[in-house]
Structures are given as structure tokens and as C-alpha cells.
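Remarks on the overall topology
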Amino acid sequence: MQTRVIATADPECPRLAAKLLTAGDLVALPTETVYGLGANGLDPEAVAKIFVAKGRPNDNPLILHVADISQIQTLCHSIPESAYRLAEAFWPGPLTMVLPARDIIPKRTTGGLSTVAVRCPDNAVTREIIRLAGVPIAAPSANLSGKPSTTTAEHVLHDHNGKLPLIVDGGPCRVGVESTIIDLTEDPPRLLRPGGITPEQLTQVLGSITVDKAVTAQICGDAVVKAPGMKYRHYAPQCQVLIINGSREAAARYIRSQYTPGDRVLCFEEELPLFEGCDPLPYGSEADPYTLSAGLFAALRQLDDPSVRRVFARCPQGGGIAYAVQNRLGKAAAFQILDAEAFV
Ligand code: TXA
Ligand code: MG
């Protein structure tokens, strides 16, 4: 199959994408977080194609993307008032809500769960495509399962060339890490995955929230977790990744003492001079953590190369968007974190 890439600015784009989606085909779509691999979320056969293309485990449910808040009533029941307050505050935007699913949603989409994840993405053309298709669009991140997510149309083409008819190119993704997932079927609501909407923003609307243990630690393969996707090793280049915490100086001293050719250092722009000779790859500026979330997956994909032996990674500290970066890097490193201060 020939894969065509079409720009969001092309006037033909929304209609063509919507037509393919309603015909049961896969279409990759840009969002503000990452590119999604989209299919009609109400059509089990279309949804099955997503699992095949990604090599995704069948028990890992998909997020349904809607054009606006009114669409969730047809997909979910027992919707708490808090869902409307969250949508009012953060939609369209990088927030996914888990709610009780109506029977119209195939089990193929929910991975057999009685709940469904819904989100309204902040990309006007993608919302127009969903509106024209007239159905919710199931879309996981468009990477091959287990690999770093796709934040450009080129990344999607790299992973899926020849496997789908259309990739909609909306340029690089602004947020760069996937949406925040909040489970509203629990009281207090439970944060299943940190992302573009920060815990601080959620707390402002919801009062208290709890944080699922899969956010901050590695979960063993057979454990029961709320977001099935969180138990798999993820976002990871093929080599070992080690997070090195501590001051710039302590980290540089430690990494330089361990460095052997073939290793790479994933660092902040500000640290480049400290890692001269250690093949550093900057992914953004520590002074502006949004550049780190936006640059992380492109950098991890670059490091996903047989010539790379081991990656020493620097990770931003604190809350806000840095919290989401800690989670993604943590998962890429299987939460292998070392404090360089202990070696001073
Ligand atoms: O930003 C995003 O959310 C992107 C873009 C494309 O919208 N999508 C995305 O999808 O990240 P995916 O499939 O890569 O991640 C979805 C996560 C998985 O960890 C999955 O297990 C979890 O959401 N999930 C989906 N439905 C769920 C449900 N009913 N209950 C709990 N977790 C759910
Ligand atoms: Mg994913």
C-alpha cells in the first residue's frame, strides 16, 4: 500500500481523511501531544488494524477522540459533574478522562474493560476530521508498540510506511508527551498518566487526586494495573537507559568517570559544555521544561540505534510538565535512577 502524507493546510485534507476513516481505514492524525494512529472507534475491524500495525497487546485499551464535549454522552454513562468542569477548563487539550463506557463501544476498543478513555485534541483540523467522520476516533500514539512516541509525520512514516493510506502532517507536536489520564470512576479521581495538564492544574479543578503507583515505579508484567498500557516497558530505545540525578557538576563528574565510547549523554542544552567528548544529545533547555517535553521523544528515537551502547540521561526535577518528563524518561529507563551526589 502506498502511504500518502497530506498537510493539514491542504484544503482536501479533512474530507479525504474522514472518508478513509469512515471506510474503515487507518489514518495517522496530528494532535498537540503526539501523532495518533486513528481508526473508527466503533468499528471492531477498523480498530483491529491499529493493534496489528502497532504490534500492540490486545488488553491495552485505546483512547476515543471526540470533536467536542457533547459527543461523550453517546459514549459514556454516569458522567460525573467533574468531567464537565474538567472539559470546560482543559478541552480541547491534553487531558484524557476515564468514564463508564456505553455498550455501543466495542470490547476491541476498551480492551474488554467496562470503562472508556475519552479526549478532545487541540488540533483544529483533527477535530474537523472527527466531526466529518461522525464517529469517535480511536487513536493510540502512532509509534510501534514499546518504542518512543511519534511527534512528527516523519516519525509516523518511519514506523508505518506502506501500512496505512494516509498520514496527516500538522508539523511537530507542541506538547510532545501524551495526554494526562485521569480516572473519574474513582473517588478521589486517580491520575493514571501525567502529561500536558499538570497535577497542579487538576487539583485546582478537582480538589484532591490520588496518583497511581504505575506513574512512579516499574510494574511487573503480570500485575493488575488501572491503565494496562502502563505495565509495559515503553518509550524506550533498544539500549540501557540510566537516569543520573544530582547537581550538574556531580552528574558530569559521575558520567565522565563511567563514559566509554558508544555511550551517549541525553542532557539539557545548558549542560553541553560539561559533556564535551561524551557525545551529548540535548533535548531542550532546563530553564524551559516545555522544550524538554517537546524534544524528548525525537531524542529518544534518535538514540534508538544499534550503535548506541548505553544512555546516561539528565531529567528535570519538580512538578508541572517536568513531572510528565520524569515519568516518560523513568519508563524508558525502567526507573533505573542513580543519584550522582552519592558518589561525590
Ligand atoms: O496524547 C494522547 O493521549 C495520545 C494522542 C494520540 O491522543 N494517545 C495515546 O494513546 O497516548 P496510547 O494508546 O498510546 O495510550 C493510552 C493509554 C494506555 O496506557 C492505555 O492503557 C490507557 O491509556 N487507557 C486507555 N483506556 C483506558 C481505560 N478505560 N482505563 C484505563 N486506562 C486506559
Ligand atoms: Mg502510547
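A common way to report how large an interface is uses the accessible area buried once the components associate. Under the domain assignment, the chain is made up of domain 1 (4–215) and domain 2 (240–343). Taking only C-alpha atoms, the centre of domain 1 and the centre of domain 2 are 28 Å apart. Taken together, the contact between domain 1 and domain 2 spans 28 residues of the former and 17 residues of the latter. Each partner contributes to the roughly 1700 Å² buried at the junction of domain 1 and domain 2, and carbon and sulfur atoms together form 55% of this total. Broken down residue by residue, the surface that domain 1 buries against domain 2 is led by P148, V177 and P194, which jointly contribute 29%. Where domain 1 meets domain 2, there are three salt bridges. One salt bridge connects K147 with D304, and the closest N-O pair in it is separated by 3.2 Å. Summed over the shared surface of domain 1 and domain 2, the number is ten residue pairs in polar contact (both at pLDDT 80 or more).

Reading across from one edge, β14-β13-β15-β12-β16 is the order of the five strands in this open sheet, with parallel pairing throughout. The open sheet terminates on both sides in strands that have one partner only, identified here as β14 (280–282) and β16 (337–339). Pairs of neighbouring strands in the sheet enclose a mean axial angle of 25°, with direction left out of account. Where strand β13 (residues 263–267) lies against β14, three bridges are found, and the strand directions are parallel. By the bridge assignment for β14, V265 is matched with P280. Of the strands in this sheet, β13, β14 and β15 (310–313) touch helix α9 (residues 289–303), which is tilted by about 175° from β13.

In this structure, L86, W91, L95, M97, L99, V118 and I182 are the most contacted members of the largest nonpolar core, which totals 47 residues. Contributions of two or more residues to this core are made by β3 (36–40), α2 (44–54), α3 (81–90), β5 (95–100), β6 (115–119), α6 (153–160) and α7 (199–206).

Judged by which residues are buried, β15 turns out to be covered on both faces: R310 and F312 on one side and V311 and A313 on the other are all buried. Bridge analysis of β13 against β15 gives four bridges, and the strand direction is parallel. Bridge pairing links R264 to V311 in β15.

To continue, consider the pattern of salt bridges. In this structure the tally under the stated criterion is 18 salt bridges. The salt bridge involving R127 is made with D122; its shortest N-O contact spans 3.9 Å. Residue D122 is classed as partly exposed on the basis of its relative accessible area, which comes to 34%. Between R131 and E128 there is a salt bridge whose closest N-O contact spans 3.0 Å. A residue pair is termed a helical-turn pair when its members lie 3 or 4 positions apart in one helix, as R131 and E128 do in helix α5 (residues 124–133) at three residues. A residue is classified by how much of its surface remains accessible, and E128, at 29% relative accessible area, is partly exposed. Among the charged side chains, a network of salt bridges with common partners joins R248, E271, E286 and R314.

Right, let's talk about unusual backbone geometry for a bit. Here W91 and P92 are connected by a cis peptide whose omega angle stands at -10°. Secondary-structure assignment places P92 in the loop between α3 and β5. In this chain, D187 is followed by P188 through a cis amide linkage whose omega measures -5°. Along the chain, P188 falls in the loop between β9 (180–183) and β10 (190–193).

Attention now goes to the environment of F90. One can find F90 in helix α3. The exposure class assigned to F90 is buried, which follows from its relative accessible area of 12%. Put simply, F90 and L202 are 112 residues apart on the chain and 9.3 Å apart in space, counted from C-alpha to C-alpha. Sequence-distant contacts of F90, defined by excluding residues within four places in its chain, comprise L95, I197, Q201 and V205.

Each value, and the rule that gives it
Residues numbered from 1 in each chain as written. Chains lettered and ligands numbered in written order. Predicted model: local features only at pLDDT ≥ 70, side-chain atom pairs only at ≥ 80, totals over all residues. Heavy atoms only, no water. Domains from an automatic or database assignment. Contact = heavy atoms within 4.5 Å. Buried area = accessible area lost by both parts, 1.4 Å probe. Salt bridge = Lys/Arg side-chain N within 4 Å of Asp/Glu carboxyl O. Polar contact = N/O pair within 3.5 Å; in protein donor to acceptor, adjacent residues only side chain to side chain. Pairing = 2+ DSSP bridges. Helix = DSSP H or I, 4+ residues; strand = E, 2+ residues; numbered from the N terminus. Axes fitted to C-alpha atoms, helices over the stretch in contact; angles between N-to-C directions. Core = buried A, V, L, I, M, F, W, Y, C linked by side-chain atoms within 4.5 Å. Buried < 20%, exposed > 50% of the residue type's maximum accessible area, 1.4 Å probe, protein only.

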